[in-house]
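Single-letter residue listing:
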Protein chains: 2
Amino acid sequence: MSSPIPIEDTIAQECLAVRLRIVHRVATRIYDDALRPTGMTISQLNILVATALLKRVRPAEVCERLQMDASTLSRNVERMKAHGWLETVPDEDRRAQPLRITPKGRRLLARAKPAWDAAQAQVQGLLGAETFAALDSAVRRIHRSEI
Amino acid sequence: MSSPIPIEDTIAQECLAVRLRIVHRVATRIYDDALRPTGMTISQLNILVATALLKRVRPAEVCERLQMDASTLSRNVERMKAHGWLETVPDEDRRAQPLRITPKGRRLLARAKPAWDAAQAQVQGLLGAETFAALDSAVRRIHRSEI
DNA sequence: AAAATGTAATTGTATATACAAATAAATATT
DNA sequence: AATATTTATTTGTATATACAATTACATTTT
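Notes on the structure follow. Worth saying up front: this structure is predicted, and the values here are computed from it rather than measured. (Residues numbered from 1 in each chain as written. Chains lettered and ligands numbered in written order. Predicted model: local features only at pLDDT ≥ 70, side-chain atom pairs only at ≥ 80, totals over all residues. Heavy atoms only, no water.)

Another aspect to go through is the layout of surface pockets. What the largest pocket holds in volume is close to 440 Å³. Among the secondary structure elements, those contributing two or more residues to the lining of the largest pocket are helix 3 (42-54), helix 4 (59-66) and helix 7 (129-145) of chain A together with helix 1 (7-14) and helix 2 (16-35) of chain B. The greatest single-element share of the lining of the largest pocket, amounting to five residues, is contributed by helix 7 of chain A. Empty space within the second largest pocket amounts to approximately 380 Å³. Along its surface, the second largest pocket is lined by 17 residues, and Ala12, Val18 and Arg19 of chain A together with Arg65 and His143 of chain B are the ones closest to its centre. Elements represented by at least two residues in the lining of the second largest pocket include exactly helix 1 (7-14) and helix 2 (16-35) of chain A together with helix 3 (42-54), helix 4 (59-66) and helix 7 (129-145) of chain B. A total of five residues in the lining of the second largest pocket trace back to one element, the largest contributor, which is helix 3 of chain B. Split by residue class, the lining of the second largest pocket holds 10 nonpolar, three polar and four charged. (1 Å grid on protein atoms, 1.4 Å probe; cavity = no way out; pocket = protein on both sides within 12 Å on 5 of 7 lines; lining within 4 Å. Points joined across faces, edges and corners; volume = space filled by probe spheres on them. Helix = DSSP H or I, 4+ residues; strand = E, 2+ residues; numbered from the N terminus. Nonpolar A, V, L, I, M, F, W, Y, C, P; charged D, E, K, R; others polar.)

Moving on, we get to the packing of helix 7 of chain A against helix 2 of chain B. With their axes 9 Å apart at the nearest point, helix 7 of chain A and helix 2 of chain B run at an angle of 55° to one another. On the basis of the axis angle, helix 7 of chain A is oblique to helix 2 of chain B. When you trace helix 7 of chain A past helix 2 of chain B, the crossing you get is left-handed. Here Phe132, Leu135, Asp136, Ala138, Val139 and Ile142 of chain A of helix 7 of chain A come into contact with helix 2 of chain B, specifically with Leu16, Arg19, Leu20, Ile22, Val23 and Val26 of chain B. Here the contact of helix 7 of chain A with helix 2 of chain B is composed, by residue class, of 10 nonpolar, no polar and two charged. (Axes fitted to C-alpha atoms, helices over the stretch in contact; angles between N-to-C directions. Parallel < 35°, antiparallel > 145°, perpendicular 65-115°, else oblique. Left-handed = near helix turned anticlockwise from the far one by under 90°. Contact = heavy atoms within 4.5 Å.)

Right, let's get into the pattern of salt bridges. Applying the stated criterion to the full structure yields 18 salt bridges over all chains. A salt bridge links Asp136 of chain A to Arg140 of chain A; its shortest N-O distance comes to 2.9 Å. Residue Asp136 of chain A and its partner Arg140 of chain A are both found in helix 7; the two are separated by four residues, about one turn of the helix. What makes Asp136 of chain A buried here is its relative accessible area of 14%. In this structure, Asp91 of chain B engages Arg58 of chain B in a salt bridge whose closest nitrogen and oxygen atoms are separated by 3.0 Å. Highlighted residues: Asp91 of chain B in the loop between strand 1 (86-88) and strand 2 (99-101) and Arg58 of chain B in the loop between helix 3 and helix 4, separated in sequence by 33 residues. Asp91 of chain B gets classed as buried once you look at its relative accessible area, which sits at 17%. One network of salt bridges, with partners in common, ties together Arg19 of chain A together with Asp136 and Arg140 of chain B. (Salt bridge = Lys/Arg side-chain N within 4 Å of Asp/Glu carboxyl O. Buried < 20%, exposed > 50% of the residue type's maximum accessible area, 1.4 Å probe, protein only.)

Okay, the environment of Lys55 of chain B next. Residues and elements named next belong to chain B. Among the structural elements, Lys55 can be located in the loop between helix 3 and helix 4. Accessibility expressed as a relative area gives 57% for Lys55, which makes it exposed. Distance in space between the C-alpha atoms of Lys55 and Pro6 is 53 Å, their sequence separation being 49 residues. Discounting residues that sit within four places of it in the chain, Lys55 has contacts with Leu99 and Arg100.

Turning next to the protein's contact with DNA strand C. As a structural note, the neighbourhood of DNA strand C is formed by 30 residues, with Thr41, Ser43 and Ser71 of chain A together with Arg75 and Arg95 of chain B the closest of them. Of what DNA strand C places within 4 Å of the protein, 64% of the atoms are sugar or phosphate. Within the backbone of Asp69 of chain A, one N or O atom sits 2.9 Å away from a phosphate oxygen of DNA strand C. One nitrogen or oxygen atom from the side chain of Arg79 of chain A is found 3.0 Å from a phosphate oxygen belonging to DNA strand C. Listing elements by their share of the surface near DNA strand C, those giving two or more residues are helix 3 and helix 5 (70-82) of chain A together with helix 2, helix 4 and helix 5 (70-82) of chain B. (Near = heavy atom within 4 Å. Polar contact = N/O pair within 3.5 Å; in protein donor to acceptor, adjacent residues only side chain to side chain.)

Moving on, we get to the relation of the copies chain A and chain B. After a rotation of 180° and a shift along the axis of 0.0 Å, chain A superposes on chain B with an RMSD of 0.0 Å. What the rotation and shift describe, once combined, is the action of a two-fold rotation axis. When you check the interface residues of chain A against chain B, 100% turn up at the interface there too, and the contact is symmetric in its surfaces. (Least-squares fit on C-alpha atoms with pLDDT ≥ 70 in both.)

Here it is in structure tokens:
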């Protein structure tokens, strides 16, 4: 006669979310600390990188890539435009507000690179090599499944 | 003569943070969607589980386990107390405000279990088996390194 | 014992996030 | 062509998060 396992034991032992969220908090803290002297956060750096990479990109495509709600991106872009790091360019479809990185944004990116290097190395050490591969394949699966 | 690789290419190809944050957003969406009928979020469920597991726990210990800032936990607990899911019990050290799950909180936990099961299965499928192991060992490393 | 230091938690303020609703413009339907 | 539907983005509102400062209490130092 064994007593049933309490719900909290099962969830604590198996929950993916709690582990993912812990790692997310720790990593965000490390990147944000490193980036603080640049005035940018890791969330904003990821948006800046996506924009620089795609040259000229609609908010909706950044949302798709980063799996971010459009309203979240909108507020982040608002702050980044206020800093002069991003700008909006006209589009044939007048609903669209394509984004482009500004020269000031490019300079910020160059200045932030060493801070990113340091944070990346620190988080890599904390998470272990297998974690990058796991996250990368998870992201690929997410992007494939959203077709 | 090869041109240098642009900063945005390097960061996009290697950044742990962007991958972690994408997976975090997707997983949070799935758990929160599943839990919505219960009135609880996955962040709150994780706090409820930690409290139930430890019977009677100081906020500072929950913060340590979940790697959450004390002010963040304070606001979350505030909401959960307003719902009647958690309560504060007295402590010898009068600075401390130990937490305990209420009977209402226990009933919520039981009611939320099937929703958690469904979300957990869905996220497991999306992230793949190797991801749980990677995250779990990362969390263990984080907890060990914070001694 | 008084003063200084340390610790636990909360409060002020800001960013990050998402859902729901609104707005504006393009496309499809009748 | 007028109406309906869809699409792109923003705005309203709420939770999640953290840093800095504050409050209240405990411990250590003098």
